[in-house]
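# Observations on the model geometry
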Amino acid sequence: MSRLESPGQIFTPEQSRVVQELASTLAPAQARWLSGYFAGLEAGLASLSQPTVAVPAAVSTRKLTILYGTETGNAAEVARALDVALKGKGLTCTLSDMADYKVRQLGQEQDVLIVVSTYGEGDPPEPAVSFFEFIESKKAPKLEDVRFSVLAFGDSTYEFYCNAGKRLDARFEELGATRLTPRLDCDVDYEDGAVAWTETMVERLGAEVSVVAVSTAQPQALATSAQIAHDKRNPFLAPVVENIVIVGRGSTKETRHIEFSLEGSGLTYEPGDALGIAASNDPAVVETLLAELSLSPDDELEHKGTRTALGEALTQKFEITAATPRFLDYWTLLSEADELKALQAEDHAGERAVFLRTHHVVDIMRRFPVSGVTAQGFVSALRPLQPRLYSLASSLAATPDEAHLTVAPVRYELHNEIRTGVASCLLADRLTDDDHLPVYIQSNPHFRLPEDDVPVIMIGAGTGVAPYRAFMQEREVRGADGNNWLFFGERNFRTDFLYQTEWQGWLKDETLTRMDVAFSRDRDEKVYVQHRMKEQSREIFAWLEEGAHVYVCGDATNLAPDVHDTLIDIVASEGHTGREAAEDYVRSLQSDHRYQRDVY
Amino acid sequence: MTTNSVDRSRDLSQPLDRLNPDETLKATSDFLRGTISEGLLDRITGAMSSPDDVKLMKFHGIYQQDDRSVRDERRRQKLEPAYQFMIRVRLPGGICTSAQWLKFDELARAHGGETLRMTTRQTFQFHWVLKGSLQPLIRGLHEVLLDTIAACGDDSRGVMCTVDPQSSRFHAEVSAMAKRISDHVIPKTRGYHEIWYGDERVASSEPEEPFYGRSYMPRKFKIAFAVPPSNDIDVYAQDLGYIPIGNPDRLEGFNVVIGGGMGRTDQAPETYPRLASLIGYIPVEQLTACTDAVMAVQRDYGDRKERMHARFKYTIDDKGLDWIKAEIEKNMGFAFEEARPFEFTTNGDSFGWNETPDGRHHRTVFVQSGRLNIELLDAMRDVARVHKGTFRLTPNQNLIIAGVESEDKASIDAILDMHGLLIETASTLRKNAIACVAFPTCGLAMAESERYMPTFLTKLEEILARHGLADEEITVRMSGCPNGCSRPYIAEIALTGRAPGKYNVYLGGGFHGQRLNRMVRENIAEPAILEFLEEVIGRYASEREPAEKFGDFCIRAGIVREVTEGRLSND
Ligand code: SRM
Ligand SMILES: Cc1cc2nc3c(=O)[nH]c(=O)nc-3n(C[C@H](O)[C@H](O)[C@H](O)COP(=O)(O)OP(=O)(O)OC[C@H]3O[C@@H](n4cnc5c(N)ncnc54)[C@H](O)[C@@H]3O)c2cc1C
Ligand SMILES: Cc1cc2nc3c(=O)[nH]c(=O)nc-3n(C[C@H](O)[C@H](O)[C@H](O)COP(=O)(O)O)c2cc1C
Ligand code: SF4
């Protein structure tokens, strides 16, 4: 307990109070788990400050580049903060999005600081794909005298946790580069880790510059965007002004059209951006958990330095549906169940992932009952409740001060219970007429309309059509003369043709040039958008040759890959090139930002 | 009036730009092809992309409709109306075989929302058919040698024929003529075969429409055969009606009636129902010549400026019956003979088993408003699987299992019994009542009809019972709008819709369709309707003369003034 004797030196007074209190409440098993937990965390943070290479002399002149790969902006935010902090130390550095980074410069780099998140099946963020392809290819240059460090963002509920970061970390090493500090993996509650990593980088590299008194701008890590009135950390309470089911009777779907008023928020957005909603959990689920824990909603606990009631915390602050590996560790320790212990083993990663997919927090608790769990202990194993993102289905130009969404409620059965998605079913089931929800704008610079005269091909299924409604509204208002072609897919024509009358209107007045639809459940044989694309191969290729931009939005697991392959097929067949060449063609579409995807 | 003084400013002789736009549409439709084939391929809408095609498709027996009960809801959902199609089969005389029945059944289950509707003109309608199902359905009908040509549109519609379960040879002969005339008067364009069967278009020097030409008829034209004593097909409501003359084993000729029609429009006194006028007699062999001659007069002189005034009945009243008759005779090349005596006694159906001279048996089954729901479909499918005879659809929307050998009666009864249809529990009143389709499919409906009729009849039955008239035969007909698809204006009691829950009430029609009724109450709701009928029926019960029919009583008692001529029915 050596650390706790003089907590003041390590912790802020606030923190040490928490630690003290926590310590006093700990059951042996919890103590054991915590030490393990902190040990792990510490290993990560602490290791940062240990130079892994002797710092060569006179390096203050080294070229310094910050590279980030992001989809929803977290990595960008942290990278920007780092940039500010380093410049504050008098360092000259360039900040660059992997999406815009000229890969041939890589050879000239010296110090490279990387912040990157992970998507799909452990893939890089969409905009960083071509950067990854280059660096992981044979074309990549040797990086002998390069120093680097990786900050990886991820979500531990996914099987390939922080995998994109891991890939870069390994690849840089392969190419001969040396680590400034070991990679740091951050879960969705990445703030603390990000701050620590940023500080370390600033200290490490700052120490290398011979410059004396520079205004020591403390790494205001995440404060840079604080100027913006409303953002992720300071969402705007927006009234819900419209909320209706827009699939017809007898539909197998429940898709909704929802409108928020942004009046007075100062929030603005562009077509392609998303709206973040800080949803709260279903009170019913909270009750169930409390019952399982036999704890009272009024039990107090410490969260971010303030005392909060457990009920409140579980409703507003933490993810309480899907379980994280951290929660699994925690519960393993408490329950000491062999079945859970077995899952801990490194070589059981697969089973572990499956177990986590099929067992949410409540399922684990029910299956491996543990008594005497404390409020503080329990939440320490949960992670913060994350806002959910929804593509904006409207354009400010057409609907000033409004934000429209197209939402498909998530419902699924698990252990013979119907479970509901936190945000989507808050919108679907738990809103009253005059409700307000905390929202913010999540900008997406990698899903943007081109110049007015450039043709676009929009491909989407289900709610993936949302941003195209925004695109069409925008182009209509701007009187853009570029052609527009929409491919839309859903289940049934009669009930699921989202925004049908609006598309018909735009086709009539020729705002929308063409539209092809695929309904998979109207006939026995299933038809999807990629089939319609195939039917139009010649035309699609012609549009591409005319410089059309291609957009794909919606389902990440099937739609995106199938459409991608279809695009390559089309280029191969219509361009009479081999598959290789076709892949290059599509790849360059990507790197020229002419092929943009927003999939989830 | 004489030929040279006749006004031709509104007919076929005029250039298209002086006529109703629909005339241009027909003339430029490339003989009803339009762009239907293209429209069928449009995946963005469940409707036909071009409004013109919607009109042209009527000539193919297809009506574009939408489920009116979800219209508003879907508008708010940013979804187009729930478009669907109604398909009307061409079934002259309402006769079909068991094999054909089984095909109807199969198609209704696959494409028609598991329901079939037997119409007041003795045919089937499929409802709830989606665009993508049109071709499969019409091809399915083709497999059993049936089509939907001219079931709707400005042409000669389905030809009716008395079901006549009393006679055999006579019926066989007359219904065969109905079929022959129907085949003769339908459009001859190959467009139908190209669009629906996918036939190749073949160039030909022959005119595509020898009779109709490019402009077809000014409006729908309806032909029917009524075999006395039964006037079940309401011969006086037809544009052209034939009354076979002769004796059961020798058909000699026909009395000819022209100019009947029901349709009227509220607040438009210039529109009115009209009973067909008897103009003479023709020998059997002149049937086709006479039909062509009559239709030619309407084709050439009918009003093509204003569709509301385009039916034959108005052409006759405008030009004068004598002049029209003369024109017809000119076209025929010979004169009508003196009409022969005949007598109608009823326009209702005779239920239960009937035997005909050929020793065959025919069973009439009551079907409320002609609606075959899934239960009735199941029952009749079982019948059709064993039945060796035919089915006959009655003009009163009922069904006859016809041509049953004595030894097979039991098995038919057993099947009906199994499905609870053996004992007819419906009252006489109900069995011969007619209600049109109206909501939710009919685009012109102003009030409920088919869906409201059952409850209305129950209440009317209670009134009759209260006055000891439970078994009295009274014709009751309801239409959801003044168009009169249930032929209401010749019923003893009629209701036509004005607005949801509101109806006009008519009394005084002739029991076997020989006299028009007159509106006695306008735009009133159920309580007022029942209160009024209670009073009138009460008087009928106490003041009627022996065997006096309700319609006749209403006139004698001065409850309603007799309508002597259609054009006077509004004053
Ligand atoms: C199905 C049927 C009623 C029934 O319950 O059986 C029917 C149903 C319709 N009739 Fe009719 N008519 C039907 C017999 C009649 C009759 C009775 C008869 O012909 O013996 C009449 C009165 C006789 C006459 O023609 O005057 C009739 C007079 C009309 C009219 C008014 C015509 C007029 O000259 O005023 C219309 C409206 C129109 O044509 O503009 C009409 C129009 C319609 C339409 C197609 C509505 C429309 O135009 O969009 C209805 C379709 C509703 C639906 O959803 O099915 N229907 N319609 C009958 C089908 C007969 C057939 O198999 O061909
Ligand atoms: C950039 C972006 C744009 C988006 N745009 C839209 C949009 O326009 N419209 C839209 O509807 N959504 C959109 N989404 C998805 C949306 O953000 C949410 O992910 C979705 O609504 C689910 O959130 P939720 O809180 O309702 O469900 P959650 O509470 O997050 O539940 C989802 C979780 O439930 C669990 N789960 C789900 N199914 C099962 C199962 N069968 N078995 C076991 N566990 C299961 C999984 O852990 C899953 O992660 C977008 C996402 C992103 C990233
Ligand atoms: C659709 C989607 C898929 C994701 N897939 C993974 C994954 O496979 N592995 C992982 O560790 N994190 C995954 N994440 C979590 C993100 O990496 C995490 O939210 C990160 O903070 C996003 O950073 P960014 O805003 O810089 O893109 C996924 C997130 C989303 C929205
Ligand atoms: S009478 Fe009117 S409501 Fe009834 S079916 Fe005919 S057109 Fe429709």
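Summarised in this report is the structure supplied together with it. Residue positions within a chain follow its written sequence, with the count starting from 1. Working convention: letters from A go to chains and numbers from 1 go to ligands, in the order in which they are written. With pLDDT at 70 or above as the cut-off, local features in this predicted model cover only qualifying residues; side-chain atom pairs require 80 or more to be listed or tallied, and sums for whole chains, interfaces and linings still use all residues. To obtain the side-chain values, all non-hydrogen atoms of the structure were included, while hydrogens and water were left out.

## Details of the environment of Tyr-236 of chain B
Selection rule: Going along the chain from the N terminus, every DSSP run of H or I of four or more residues is numbered as a helix, and every run of E of two or more is numbered as a strand.
Checked against the element boundaries, Tyr-236 of chain B lands in the loop between strand S7 (223-225) and strand S8 (240-247). Sequence separation between Tyr-236 of chain B and Ala-224 of chain B is 12 residues; the distance between their C-alpha atoms is 9.5 Å.

## As for the sheet that holds strand S17 (residues 456-461) of chain A
The strands making up a sheet associate through hydrogen bonds between their backbones, and the pairing can be parallel or antiparallel. Residues and elements named next belong to chain A. Short version of the rule: At least two bridges found by DSSP between two strands is the condition for calling them paired. Angular values range over 0 to 180 degrees, each being the angle between N-to-C directions of two axes fitted as lines to C-alpha atoms, with helices fitted over their stretch in contact.
The strand order across the open sheet formed by five strands is S19-S18-S17-S20-S21, and the pairing between neighbours is parallel. Strand pairing shows two members of the sheet lacking a second neighbour, strand S19 (514-519) and strand S21 (595-599), which therefore form its edges. Taken pair by pair, the neighbouring strands of this sheet meet at an average axis angle of 10°, ignoring direction. Bridging between strand S20 (residues 549-554) and S21 involves five bridges; their strand directions are parallel. Looking at the pairing, Tyr-551 lines up with Gln-596 of S21.

## Some words on the environment of Lys-139 of chain A
In this structure, Lys-139 of chain A sits in the loop between helix H6 (129-135) and strand S4 (147-153). Distance in space between the C-alpha atoms of Lys-139 of chain A and Val-103 of chain A is 10.0 Å, their sequence separation being 36 residues.

## Focus: the coordination of the iron atom of ligand 1
So the rule is basically this: Coordinating donors are taken to be N, O and S atoms lying within 2.8 Å of the metal, or within 3.2 Å when the metal is Na, K or Ca; because water is excluded from the atom set, some sites may appear incomplete.
Within the protein, just one atom coordinates the iron atom of ligand 1: Cys-485 of chain B (SG), at a distance of 2.3 Å. Secondary-structure assignment places Cys-485 of chain B in the loop between strand S17 (476-479) and strand S18 (493-499).

## Looking at the packing of helix H10 (residues 312-319) of chain B against helix H11 (residues 321-332) of chain B
A pair of packed helices is captured by two measures, namely the crossing angle of their axes and the spacing between those axes. Residue and element names in this part refer to chain B. For clarity, the threshold we go by: Just so you know how the angles are binned, under 35 degrees is roughly parallel, over 145 roughly antiparallel, 65 to 115 roughly perpendicular, and the rest oblique. Residue contacts are defined here by distance: any two heavy atoms, one from each residue, within 4.5 Å place the two residues in contact. All residues other than Ala, Val, Leu, Ile, Met, Phe, Trp, Tyr, Cys, Pro, Asp, Glu, Lys and Arg, Gly among them, are scored as polar; the first ten of these are nonpolar and the last four charged.
For the pair H10 and H11, the least separation of the axes is 6 Å and the interaxial angle reads 110°. The orientation of H10 with respect to H11, classified from their angle, is roughly perpendicular. Contacts from Phe-312, Thr-315, Ile-316 and Lys-319 in H10 reach Leu-321, Trp-323 and Ile-324 in H11. Here the contact of H10 with H11 is built from residues that sort into five nonpolar, one polar and one charged.

## Re the nonpolar core
Residues and elements named next belong to chain B. Note the following rule: Only buried Ala, Val, Leu, Ile, Met, Phe, Trp, Tyr and Cys residues count toward a nonpolar core, and they belong to the same one when joined by side-chain atoms within 4.5 Å. A simple rule labels every residue: compare its accessible area, found with a 1.4 Å probe on the protein chains alone, to the largest value its type can have, and call it buried under 20%, exposed over 50%, or partly exposed in between.
Counting residues in each nonpolar core, the largest one holds 95 residues, and the members touching the most others are Phe-124, Phe-126, Trp-196 and Phe-225. Broken down by element, this core gets its largest block of residues, seven residues, from helix H9 (residues 287-301). Filtering out sequence-adjacent residues up to four positions away, Trp-196 remains in contact with Ile-36, Leu-40, Met-57, His-60, Ile-62, Leu-134, Gln-135, Ile-138 and Arg-139. Core analysis: the second largest hydrophobic core is formed by 35 residues, Phe-456, Leu-495, Phe-532 and Cys-554 among them.

## Some words on the interface of chain A and chain B
Accessible area lost on assembly of the parts is the figure often given for the size of an interface. Formally: Summed over both partners, the accessible surface that disappears when two parts come together, traced with a 1.4 Å probe, is what is meant by buried area. Salt bridges are defined by distance alone: a side-chain nitrogen of Lys or Arg within 4 Å of a carboxyl oxygen of Asp or Glu. Polar contact criterion, stated in full: a pair of N or O atoms within 3.5 Å, where within protein one must be able to donate a hydrogen and the other to accept it, and residues adjacent in sequence count only if both atoms are side-chain atoms.
Counting residues at the interface gives 23 residues for chain A, matched by 18 residues for chain B. On the chain A side of the contact with chain B, Arg-249, Phe-493 and Arg-494 of chain A bury the most area, a combined 34% of that side's loss. Counting the contacts that link chain A with chain B gives two salt bridges. Ionic pairing is found between Glu-73 of chain B and Arg-249 of chain A, a salt bridge with its closest N-O pair at 2.8 Å. At the surface where chain A touches chain B, the tally comes to 13 residue pairs in polar contact (both at pLDDT 80 or more). The element that contributes the greatest number of residues to the side of chain A that touches chain B is helix H19 (residues 500-508) of chain A, accounting for five residues. When grouped by side-chain class, the residues that make up the side of chain A that touches chain B number 10 nonpolar, six polar and seven charged.

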